[in-house]
Amino acid sequence: MNKIRVGIVGYGNLGKSVELGIRQNEDMELVGVFTRRDPSSIKTITPEVNVFTMDEAKQMTAQVDVMVLCGGSMSDMPVQGPEFASLFNTVDGYDTHAKIPEYFAAMNKKAAAAQKICIIASGWDPGMFSINRLYAEAILPVGDTYTFWGKGISQGHSDALRRIKGVKDAKQYTIPKEQAINAVRRGEMPELSTREKHWRECFVVLEEGADKERIEQEIKTMPNYFADYDTEVHFITEEELSKDHPGLPHGGLVIHHGRTGLDEEHHHVIEYRLALDSNPDFTANVLIAFARAAYRLNHEGVSGAKTVVDIAPAYLSGKSAEELRKSLI
Ligand SMILES: NC(=O)C1=CN([C@@H]2O[C@H](COP(=O)(O)OP(=O)(O)OC[C@H]3O[C@@H](n4cnc5c(N)ncnc54)[C@H](OP(=O)(O)O)[C@@H]3O)[C@@H](O)[C@H]2O)C=CC1
Ligand SMILES: N[C@@H](C[C@H]1CC(C(=O)O)=NO1)C(=O)O
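Residues numbered from 1 in each chain as written. Chains lettered and ligands numbered in written order. Predicted model: local features only at pLDDT ≥ 70, side-chain atom pairs only at ≥ 80, totals over all residues. Heavy atoms only, no water.

Caption draft 1: Examining unusual backbone geometry more closely. The linkage connecting aspartate 125 with the following residue, proline 126, adopts the cis geometry, with an omega of 0°. Positionally, proline 126 belongs in the loop between β6 (117-120) and α5 (128-139). Residue glycine 150 is joined to lysine 151 through a cis peptide bond whose omega torsion reads 10°. Even without being glycine, glutamine 115 reaches a positive phi, approximately 55°. A relative accessible area of 62% places glutamine 115 in the exposed class. (Helix = DSSP H or I, 4+ residues; strand = E, 2+ residues; numbered from the N terminus. Buried < 20%, exposed > 50% of the residue type's maximum accessible area, 1.4 Å probe, protein only.)

Caption draft 2: Region of interest: the sheet that holds strand β12 (residues 250-260). Spatial strand order, β7-β12-β13: 3 strands in an open sheet with antiparallel pairing. Strands with a single pairing partner mark the edges of an open sheet, and in this sheet they are β7 (143-149) and β13 (266-276). Averaged over all pairs of adjacent strands, the angle between their axes in this sheet comes to 10°, without regard to strand direction. With 11 bridges connecting them, β12 and β13 associate as antiparallel partners. Paired with threonine 260 across the strands is histidine 266, a residue of β13. Helix-sheet contacts for helix α7 (residues 178-185) involve β7, β12 and β13, and the interaxial angle to β12 is about 35°. (Pairing = 2+ DSSP bridges. Axes fitted to C-alpha atoms, helices over the stretch in contact; angles between N-to-C directions. Contact = heavy atoms within 4.5 Å.)

Caption draft 3: Quick look at the site of ligand 2. Taken together, the neighbourhood of ligand 2 is formed by Asp95, Trp124, Asp125, Trp149, Ser154, Gln155, Gly156, His157, Thr174, Arg200, His250 and Asn279. Note that an oxygen atom of ligand 2 is positioned 2.9 Å from one of the backbone N or O atoms of aspartate 125. Coverage of ligand 2 by the protein chains reaches 94% of its 350 Å² of free accessible surface. No other element matches the 3 residues that helix α6 (residues 155-162) contributes to the shell around ligand 2. Each residue belonging to the shell around ligand 2 can be placed in one class, and the counts come to 2 nonpolar, 7 polar and 3 charged. The two domains that each donate at least three residues to the shell around ligand 2 are domain 1 (4-125 + 280-328) and domain 2 (128-277). (Near = heavy atom within 4 Å. Polar contact = N/O pair within 3.5 Å; in protein donor to acceptor, adjacent residues only side chain to side chain. Areas by Shrake-Rupley, 256 points an atom, 1.4 Å probe, with all protein chains shown as cover. Nonpolar A, V, L, I, M, F, W, Y, C, P; charged D, E, K, R; others polar. Domains from an automatic or database assignment.)

Caption draft 4: Focus on α6. Counting buried residues along α6, 7 of its 8 residues qualify, which places the element largely inside the surrounding structure. Residues Gln155, Gly156, His157, Ser158, Asp159, Ala160 and Leu161 constitute the buried set of α6. Contact partners of the buried residues in α6: α1 (13-22), β8 (152-153), β9 (167-176), β10 (198-206), α9 (212-220) and α11 (279-299). Where α6 begins, one side-chain oxygen reaches toward the backbone nitrogen of glycine 156, 3.5 Å away; that side chain belongs to serine 154.

Caption draft 5: Highlighting a nonpolar patch on the surface. Side chains of Leu134, Tyr135, Ile139 and Val309 sit close together on the surface and give an oily, nonpolar patch of about 370 Å² of accessible area. Along the polypeptide, leucine 134 turns up in helix α5. With a relative accessible area of 39%, leucine 134 lands in the partly exposed category. (Patch = residues over 30% accessible without salt bridge, like charges linked within 9 Å, V, L, I, M, F, W, Y side chains within 5 Å. Salt bridge = Lys/Arg side-chain N within 4 Å of Asp/Glu carboxyl O.)

Caption draft 6: Looking closely at the packing of aromatic side chains. Under the definition given, this model contains 6 aromatic pairs. Considering the side-chain rings of tyrosine 94 and tyrosine 103, the 4.0 Å spacing of their centres and the 15° angle between planes classify their relative orientation as stacked. Tyrosine 94 gets classed as buried once you look at its relative accessible area, which sits at 3%. Residue class for tyrosine 103 comes out buried when judged on its relative accessible area of 3%. Ring pairing ties together the aromatic residues Trp124, Phe129 and Tyr272, which thus form one cluster. The ring of tyrosine 11 has lysine 16 sitting right over it, with the charged end atom 4.9 Å from the ring centre. Sitting over the face of the ring of tyrosine 229, arginine 200 holds its NZ or CZ atom 4.0 Å from the ring centroid. (Phe/Tyr/Trp six-rings, centres within 6.5 Å; stacked < 30°, edge-to-face > 60°. Lys NZ or Arg CZ within 6 Å of the ring centre and 35° of its normal.)

Caption draft 7: Focus on the domain arrangement of the chain. Under the domain assignment used here, the chain contains domain 1 (4-125 + 280-328) and domain 2 (128-277). One C-alpha centre belongs to domain 1, the other to domain 2; they are set 25 Å apart. The interface of domain 1 with domain 2 comprises 22 residues on the first partner and 25 residues on the second. Counting the surface lost from both domain 1 and domain 2, the interface buries some 1800 Å², and carbon and sulfur atoms represent 62% of this. Of all residues in domain 1, the largest losses of buried area upon contact with domain 2 belong to Met74, Trp124 and Asp125, amounting jointly to 38% of the total for that side. (Buried area = accessible area lost by both parts, 1.4 Å probe.)

Caption draft 8: Local environment of the sheet that holds strand β5 (residues 89-92). Across the sheet, which stays open at both edges, the 7 strands sit in the order β3-β2-β1-β4-β5-β6-β14 with parallel pairing between neighbours. Two strands in the sheet have a free side with no partner beyond their single neighbour: β3 (51-53) and β14 (304-307). The sheet shows a mean angle of 25° between the axes of neighbouring strands, taken without regard to direction. Here 6 bridges tie strand β1 (residues 4-9) to strand β2 (residues 28-35), and the two strands are oriented parallel to one another. Looking at β2, one finds that isoleucine 8 is bridged to valine 33.

Structure, rendered in structure tokens:
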């Protein structure tokens, strides 16, 4: 059985985790990493992995079945997504929530013309949380769904910080407001604004001579990322970032309260919870499962842009249809 040949576009936290995750999937093989940097400067986790330039990717459409796009959502994916969707089947974890419709349209145009499939905004939010919100609201239409993240490090928000001129490195914690979570858990079904659910804490390492006031202001007013939240910014050294803020843990909860019965007297709760040692490892494994789906669907003649909620779960699994039927029992 031929293996699914996977390429990694962009070698950051997520790209490294995809490299590791592919090794856990015997139906897949890694063709290589594609980077904007000098390939000779990239030290992959597994030394034998090939590293190519982005230009070399364009000559490799016959060697790669699915490209996993691991660039930053804020600045990389809007450019790299359509570029790669015009040449390859792709999956990505695009997560600038407010801009997903326009990204979907841009990706769909390129993928449909190339008769390729691109599964966008796959990860955990958007991604697995999106799927679980859909299941909950389809099954219990009378009710309310709440999403909480953290306390943990958002890769999307940390990437957004690192894109600011004068920022050398950064990590952003998303912290849920206990009062909000407790009210939801008590079944009070409160109306909660974005600001009432979470606050954000940023730890930023500056380039030499960078303007602190300008950078703090740029962070706190950043649309789609920080403007709608109470945000604290701490300027620390590279050593402190590495010592006091190791790893990229995260997690979250989707909780749905629904009602049924003649007088809606029956109360039901659906919860989907993630507790992640490594945000990038988990996200990478979601992307890898959707890479399997992209490969299969394109072989069935499916093309254009899809989101995770368009994909039947069986396409994600490495198990055969017969094995899946057995696993239902
Ligand atoms: N939907 C979801 O639930 C989730 C989505 N995500 C998304 O994944 C995106 C990527 O996250 P993450 O991997 O943490 O981002 P990184 O900042 O680690 O990497 C982003 C890009 O930056 C470049 N890069 C990385 N390290 C360096 C370096 N040392 N020097 C120069 N360039 C570098 C790489 O591109 P190149 O190799 O070409 O230089 C890489 O593709 C996030 O922006 C987020 O939107 C993440 C988690 C969950
Ligand atoms: N896309 C997020 C995944 C979850 C986490 C999150 C947040 O902390 O704001 N939003 O969605 C990430 O990049 O980590």
